[in-house]
Amino acid sequence: MAVDVPDLVAQAREGRPRAVARLISLVEGASPQLREVMAQLAPRCGNAYVVGLTGSPGVGKSTSTSALVAAYRRAGKRVGILAFDPSSPFSGGALLGDRVRMGEHASDPGVYIRSMATRGHLGGLAWAAPQAVRVLDAAGCDVILVETVGVGQSEVDIASQADTSVVLLAPGMGDGIQAAKAGILEIGDVYVVNKADRDGADATARELNHMLGLGEAREAGDWRPPIVKTVAARGEGIDEVVEALEKHRAWMEERGVLARRRATRAAREVETIAVTALRERMGELRAGQRLDALAERVVGGELDPYAAADKLLAGLAEVADAVDSTPSGPSR
Ligand SMILES: Nc1nc2c(ncn2[C@@H]2O[C@H](COP(=O)(O)OP(=O)(O)O)[C@@H](O)[C@H]2O)c(=O)[nH]1
Ligand SMILES: [Mg+2]
């Protein structure tokens, strides 16, 4: 269904929740109209502070997110929440638990809550997250909290999506420090040991502290990731988390790190879109049987595979030229 993009964008800029929701749906559905949406949003982006929260399922990401929203709302900030956690979406088929926890914010006009499914997307989180962030940014959010489940590559993903990355651990989950070895030690700007009401929180924090200190020759003025203990379910320690986030943001701004991170993020975003477009064009070539024809010539010994690949790439450029000269723009 075609959408009146200028109208929708104008409404989203005024912060109308339904317009914001529809724009994010366009992102989720990889709509061909996204190109137009992003062109119109671009001048309004760049004001929001993006915080990523990652950690194993059940560690307390959603609970912490909700507590952080409450803290930011008390400070008068507008907050956007994106949950890329298929196991606990905040809305649209939400688990009851999350709906209850986020219930207090659901009717707050200063809060946008959205859970997103990226399964099946080319590029997944890398592709959808930055565009959803742009929508919330342009809609006037001061802070955007992005929740991702810490499995496989998503820790790495979140680190490149956020200005500040928060890694959550909890005592006695068997996850924590072992998983930490698998890469989260490099990505956390702030570490949270949640469920500090349980036994073992101090030990987890100590062990983490030990591991973070190992093998790193930090220079004076380098960022030393703080470890904050919280009981998110009761809101305890959340002010300290906010404080740690603000300190990290100030540190990044002083040293130009924030601008560098954003540039890296934008580069990755452009690259992902370009690679997606390339794959699409490759698909068009396949459909056009150019690849099949080349393959036959390779089998027949008429062409070597390198020469065939060169011909395929030349074909790609032709498709690109054809697309560029199409008045409607998008490669569809
Ligand atoms: N004891 C305790 N339970 C908590 C705390 N924070 C969250 N939980 C519970 O842990 C479970 C998982 O929390 P959730 O926020 O959904 O975790 P997520 O999967 O990381 O988003 C829920 O039952 C929460 O009520 C806490 O500080 N202490
Ligand atoms: Mg969750």
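Residues numbered from 1 in each chain as written. Chains lettered and ligands numbered in written order. Predicted model: local features only at pLDDT ≥ 70, side-chain atom pairs only at ≥ 80, totals over all residues.

Turning our eyes to something else, we now look at the confidence of the model for the protein chain. Any segment with low pLDDT has predicted coordinates that should not be analysed in fine detail. Per-residue confidence for the protein chain averages 82 on the pLDDT scale, and 78% of its residues sit at or above 70. Ranking the elements of the protein chain by mean pLDDT puts helix H5 (residues 96-106) last, at 54, and helix H10 (residues 238-255) first, at 97. Within the model, pLDDT remains below 50 along residues 88-100, and this stretch shows 20 contacts once partners closer than five positions in the same chain are excluded. In this model residues 326-332 is a low-confidence stretch, pLDDT under 50, and it forms eight contacts with partners more than four residues away in sequence or in other chains. (pLDDT = per-residue confidence, 0-100. Helix = DSSP H or I, 4+ residues; strand = E, 2+ residues; numbered from the N terminus. Contact = placed C-beta atoms within 7 Å.)

Of all residues adjacent to ligand 1, which total 17 residues, the nearest are Gly 60, Lys 61, Ser 62, Thr 63 and Ala 233. When residues of the shell around ligand 1 are assigned to their parent elements, the largest contribution, three residues, is made by helix H4 (residues 61-74). Here the shell around ligand 1 is built from residues that sort into five nonpolar, eight polar and four charged. (Near = placed C-beta within 6 Å. Nonpolar A, V, L, I, M, F, W, Y, C, P; charged D, E, K, R; others polar.)

With that out of the way, let us pick up the environment of Asp 108. Locating Asp 108 in the fold gives a position in the loop between H5 and strand E3 (111-115). The exposure class of Asp 108 is partly exposed, given the 15 C-beta atoms found within 10 Å. With 35 residues separating them in the primary sequence, Asp 108 and Arg 73 have C-alpha atoms 9.4 Å apart. (Buried ≥ 20, exposed ≤ 12 C-beta atoms within 10 Å, placed from the backbone.)

With that out of the way, let us pick up helix H11 (residues 257-287). Note on helix geometry: an α-helix contains 3.6 residues per turn, so any two residues three or four positions apart are oriented the same way. Under the 1.5 Å per step criterion, the end-to-end length of H11 is 45 Å for 31 residues, consistent within 8% with the ideal 45 Å. Gln 289 occupies a position one or two residues after H11 and carries a positive phi of about 65°. (Expected span 1.5 Å × (residues − 1).)

With that settled, consider the sheet that holds strand E6 (residues 190-193). Overall, parallel pairing links the seven strands, which are arranged E3-E2-E4-E1-E5-E6-E7 in an open sheet. At either margin of the open sheet sits one strand with a lone partner, and together these are E3 and strand E7 (227-229). The sheet shows a mean angle of 20° between the axes of neighbouring strands, direction not considered. As paired strands, strand E5 (residues 164-169) and E6 are joined by four bridges and run parallel to one another. Considered in E6, the bridge of Val 167 is made with Tyr 191. Across the sheet, H4 is in contact with strand E1 (49-55), strand E2 (79-84), E3, strand E4 (143-149), E5 and E6; its angle to E4 comes to roughly 175°. (Pairing = 2+ DSSP bridges. Axes fitted to C-alpha atoms, helices over the stretch in contact; angles between N-to-C directions.)

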